[in-house]
Amino acid sequence: MGKIIAVANQKGGVGKTTTCVNLCAALKEAGARVLLCDMDPQGNATSGMGISKSKNISSIYHVLIDGASTSDVIVQTKFGDILPSNKILSGAGVELVAMPGREYILKNALDDVRSSYDYILIDCPPSLEMLTLNSLCAADTVLIPVQCEYYALEGLSDLMSTIRTIKKALNAALDIEGVLLTMYDSRTNFSAQVAAEIKKFFKHKIYTISIPRNIRIAEAPSHGTPVMNYDRSSRGSQAYLDLAKEFLKRNA
């Protein structure tokens, strides 16, 4: 039975989508069966895996709202399988409100294919709304990317409050998968200070691997590919390959 991991942070620009795409590709390369579920209407994880965000594609929207078969919508790529998304998903939050069992529609959809995968990663929108709520209700754990910057701790506090609420009311089994430091700049004392503060709070949940600021990571999405396929020798590529090793070791 596959493990479902929501990659979430209510603060935008922290590396959620980048982490989803690159961790998916690195896990696939390591031999794992991986599905990436793009729950962000921006569809950046979809395009980052080399799939068009055209309005004409079958997407996670059609699974959630129209009851399309999950397996029929999955697209296979050499970097892992994906349930694609596009702008059409932006209206799903409102439509889900009126549906029975609205919080668990994604969970039910993923349960249909769960046995086919070792890991299912969900790229969550950068806000707390029905799409994120569905993601957290479907997930076994939450992987939290945290940018090493001033407001990081404030955003983390909000997210942990949300997770506690969902754990209490809707998904008692929800746990923290790990906390990933992103955009880490080893040349500055500030990144080290933020990292130290986060480690005080999360302790053993922090990954020993951090993701550095790296131009290749930023460039890869415009080429529709994970960073290890774009520039294998880059620091960013090596960081995500090392993250996959640590992730797999923790889940062994």
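Check the entry above for the structure.
Summary of the structure given here. (Residues numbered from 1 in each chain as written. Predicted model: local features only at pLDDT ≥ 70, side-chain atom pairs only at ≥ 80, totals over all residues. Heavy atoms only, no water.)

## Quick word on the environment of M99
Position of M99 among the secondary structure elements: in the loop between α5 (92-97) and α6 (105-111). A sequence separation of 34 residues divides M99 from I65, and the C-alpha atoms of the two residues are 8.8 Å apart. What M99 contacts, discounting residues up to four positions off in sequence, is L64, I65 and I105. (Helix = DSSP H or I, 4+ residues; strand = E, 2+ residues; numbered from the N terminus. Contact = heavy atoms within 4.5 Å.)

## Things to note about the side chain of T182
Tracing the sequence through the fold places T182 in strand β7 (residues 175-182). Apart from residues no more than four positions distant in its own chain, T182 is found in contact with V14, T19, P145, V146, Q147, C148 and I211.

## A few points about the pattern of salt bridges
Scanning all chains against the criterion turns up 12 salt bridges. Here E177 ties to K3 by a salt bridge, and the two come within 2.8 Å at their closest N and O atoms. In this pair, E177 sits in strand β7 while K3 sits in strand β1 (residues 3-7), placing the two residues 174 residues apart along the sequence. A relative accessible area of 22% places K3 in the partly exposed class. Where salt bridges share partners, they join K107, D111, R114 and D140 into one cluster. (Salt bridge = Lys/Arg side-chain N within 4 Å of Asp/Glu carboxyl O. Buried < 20%, exposed > 50% of the residue type's maximum accessible area, 1.4 Å probe, protein only.)

## What to know about helix α1 (residues 16-29)
In an α-helix, one turn spans 3.6 residues, which is why side chains three or four residues apart end up on the same side. Spanning 14 residues, α1 covers 20 Å between terminal C-alpha atoms, matching the ideal 20 Å at 1.5 Å per step. α1 sits mainly inside the fold: 11 of its 14 residues count as buried. Within the sequence span of α1, burial applies to K16, T17, T19, C20, V21, N22, L23, C24, A25, A26 and L27. Just beyond α1, the residue with positive phi is G31, at close to 100 degrees. (Expected span 1.5 Å × (residues − 1).)

## A few points about the sheet that holds strand β4 (residues 80-83)
Pairing within the open sheet is mixed, and its seven strands lie in the order β3-β4-β2-β5-β1-β6-β7. This sheet does not close on itself; its edge strands, each paired only once, are β3 (75-77) and β7. Direction aside, neighbouring strands of the sheet carry axes that sit 25 degrees apart on average. Pairing of β3 with β4, which is carried by three bridges, proceeds in the antiparallel orientation. Counterpart to T77 in the pairing with β4 is G80. On top of the sheet, helix α9 (residues 189-202) reaches β6 (141-147) and β7; it is set at about 170 degrees to β7, its chief contact. (Pairing = 2+ DSSP bridges. Axes fitted to C-alpha atoms, helices over the stretch in contact; angles between N-to-C directions.)

## Brief notes about the pairing of strand β5 (residues 119-123)
Burial analysis of β5 places five of its five residues in the buried class, the great majority of the element. Where burial is concerned, the two faces of β5 agree: the one with Y119, L121 and D123 and the one with I120 and I122 are both buried. Both β1 and β5 contribute to a ladder of five bridges, which runs parallel. Looking at β5, one finds that A6 is bridged to I122.

## Let's talk about the pairing of β6
Most of β6 sits inside the fold, with seven of its seven residues counted as buried. Taking every second residue as pointing to the same face, both faces of β6 are buried, with T141, L143, P145 and Q147 on one and V142, I144 and V146 on the other. As paired strands, β1 and β6 are joined by three bridges and run parallel to one another. Note that in β6 the partner of I5 across the bridge is T141. Sheet analysis places β6 next to β7, joined by seven bridges and oriented parallel. Following the sheet pairing, P145 is matched in β7 by L180. Handedness of the crossover is the feature at issue here: the chain leaves β6, passes through helix α8 (residues 152-169), returns alongside β7, and the resulting connection is right-handed. (Right-handed = clockwise from strand over helix to strand, strands pointing away.)

## Structural notes on the nonpolar core
Across soluble globular proteins, nonpolar side chains have a tendency to be buried as a group. I60, L64, L106, L110, I122, I144 and I198 are the most contacted members of the largest nonpolar core, which totals 52 residues. Excluding anything up to four places from it in sequence, L106 contacts C37, M39, I60, L64, I122, N134, S135 and A138. Residues I5, L23, A26 and A32 belong to the second largest nonpolar core, which totals 33 residues. (Core = buried A, V, L, I, M, F, W, Y, C linked by side-chain atoms within 4.5 Å.)

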